[in-house]
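# Descriptive analysis of the structure
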Amino acid sequence: MIGVKIGKALSYATVVLLLVAMCGLIAYFTSGFTSDFKTFYIEKDGQIYLCDVFDLLLSPNEENRFDVKYTFGALNDEVGGYTVKIVPNISNSNDFDFTVDGEVYSFGAESDLTGGFDLALYDNYFTINGDFTMRSILERLYPEKEIDFNTEDVNWEVDNFILQVYSYNGKALISIGFHNHCPVSGIELDISAIEF
């Protein structure tokens, strides 16, 4: 008799725990019940991105790995794949002009900067490697051309780029704003005294 009561109590407790876990899962994938349920997300260095994010600093000359995940991907083999594109971010008034063999171009008018980056695509993740100076990116976009621009026209402290990651069917999009490192123009030492 006591065993039956303990069994019922454990069954009820298990059902309650499952309901709480399910509500927690739904709350997590709906950003606290404020958006639609997210079935597509990106993970980088243990950080999960369910929606657009900005102010991400990518490591120069290192592998920056982004895992592409689907909430129910393990349950459906047909759900998988993604598309990646890098475009200029001109929302912070950080547009500038540059020249290609003397002809003037606008950074903000570039429709696709993906070729300026060392991007490697795999089944469930992608990596961005390379040197993220503006000059190297533009030189990759326009190989064997002379690139020139005033470095003071570039705002190095804002997200100059947006990484657009689309789901397999193109219906979901996560935009990740990121910026490149500021080039060092020189080192100035202030030596007032040398002590031994």
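See above for the structure.
Our subject in this report is the structure included herewith.

Conventions we followed
Residues numbered from 1 in each chain as written. Predicted model: local features only at pLDDT ≥ 70, side-chain atom pairs only at ≥ 80, totals over all residues. Heavy atoms only, no water. Salt bridge = Lys/Arg side-chain N within 4 Å of Asp/Glu carboxyl O. Buried < 20%, exposed > 50% of the residue type's maximum accessible area, 1.4 Å probe, protein only. Pairing = 2+ DSSP bridges. Helix = DSSP H or I, 4+ residues; strand = E, 2+ residues; numbered from the N terminus. Axes fitted to C-alpha atoms, helices over the stretch in contact; angles between N-to-C directions. Phe/Tyr/Trp six-rings, centres within 6.5 Å; stacked < 30°, edge-to-face > 60°. Contact = heavy atoms within 4.5 Å. Patch = residues over 30% accessible without salt bridge, like charges linked within 9 Å, V, L, I, M, F, W, Y side chains within 5 Å. Areas by Shrake-Rupley, 256 points an atom, 1.4 Å probe, with all protein chains shown as cover. Lys, Arg positive; Asp, Glu negative; His and termini not counted. Charge placed at Lys NZ, Arg CZ, Asp CG, Glu CD. Polar contact = N/O pair within 3.5 Å; in protein donor to acceptor, adjacent residues only side chain to side chain.

Across all of its chains, the model carries three salt bridges by this definition. With its nearest N and O atoms 2.7 Å apart, the salt bridge here joins aspartate 45 to lysine 44. Residues arginine 65 and aspartate 67 are paired through a salt bridge, measuring 2.8 Å at the closest nitrogen-oxygen approach. On the accessibility criterion, arginine 65 (35% relative accessible area) is partly exposed.

Once that is clear, we can look at the sheet that holds strand β3 (residues 53-57). In a beta sheet, neighbouring strands are held together by backbone hydrogen bonds and run either parallel or antiparallel to one another. Read from one edge of the open sheet, four strands run β3-β12-β11-β5, paired in mixed fashion. One side of each edge strand has no neighbouring strand; the edge strands of this open sheet are β3 and β5 (82-88). For this sheet the average axis-to-axis angle between neighbouring strands, irrespective of direction, equals 25 degrees. As defined by bridge partners, β3 adjoins strand β12 (residues 173-179) across three bridges and the pair is classed as parallel. By the bridge assignment for β12, leucine 57 is matched with histidine 179.

It is worth spelling out the sheet that holds strand β6 (residues 97-100) at this point. A sheet is described by the order of its strands in space; here three strands give the open sequence β7-β6-β10, paired in antiparallel fashion. In this open sheet, the two edge strands, each paired with only one partner strand, are β7 (103-106) and β10 (147-148). Alignment of β6 against β7, held across four bridges, turns out to be antiparallel. Counterpart to threonine 99 in the pairing with β7 is valine 104.

Given two aromatic rings, one states the distance between the centres and the angle between the planes to describe the pair. Going through the model one piece at a time under the given rule, you end up with 15 aromatic pairs. Relative to phenylalanine 178, the ring of phenylalanine 117 has its centre 5.8 Å away and its plane inclined at 70 degrees; by these criteria the two rings are edge-to-face. In this pair, phenylalanine 117 sits in the loop between β7 and β8 (118-121) while phenylalanine 178 sits in strand β12, placing the two residues 61 residues apart along the sequence. For the pair shown, phenylalanine 117 and phenylalanine 178 are each scored as buried. Three or more aromatic residues joined by ring pairs make a cluster, and in this case those are Phe96, Phe98, Tyr105, Phe107, Phe117, Tyr142, Phe149, Phe161 and Phe178.

Unusually for a residue other than glycine, aspartate 45 sits at a positive phi of about 50 degrees. Along the chain, the position of aspartate 45 falls in the loop between β1 (40-44) and β2 (47-49). A positive phi angle, close to 50 degrees, is found at aspartate 101, a residue other than glycine. Within the secondary structure, aspartate 101 sits in the loop between β6 and β7.

What sets the pattern is the α-helix's 3.6 residues per turn: residues three or four places apart point alike. Listed as buried for helix α2 (residues 134-141) are Met134, Ser136, Ile137 and Leu138. Considering only its buried residues, α2 is in contact with β6, β10 and β11 (161-167).

Right, let's get into the pairing of β12. Burial runs high along β12: six of the seven residues are buried. One ladder, built from six bridges, connects β11 with β12; its direction is antiparallel. If you follow glutamine 164 over to β12, its bridge partner there is serine 175. In sequence, β11 turns back onto β12 through a hairpin of five residues, with glycine 170 there showing a positive phi of about 75 degrees.

Turning our attention to a negative patch on the surface. Judged by side-chain charge, Asp95, Asp97, Glu152 and Asp153 come together as a negatively charged surface patch. Along the chain, the position of aspartate 153 falls in the loop between β10 and β11.

The next point concerns the side chain of aspartate 67. In this fold, aspartate 67 is placed in strand β4 (residues 64-70). Here the side chain of aspartate 67 touches arginine 65 through a polar contact of 2.8 Å, side chain to side chain. Here aspartate 67 is in contact with Tyr41, Ile42, Glu43, Asn124 and Tyr125, once residues within four sequence places are set aside.

Nothing here speaks to function; it is all geometry.
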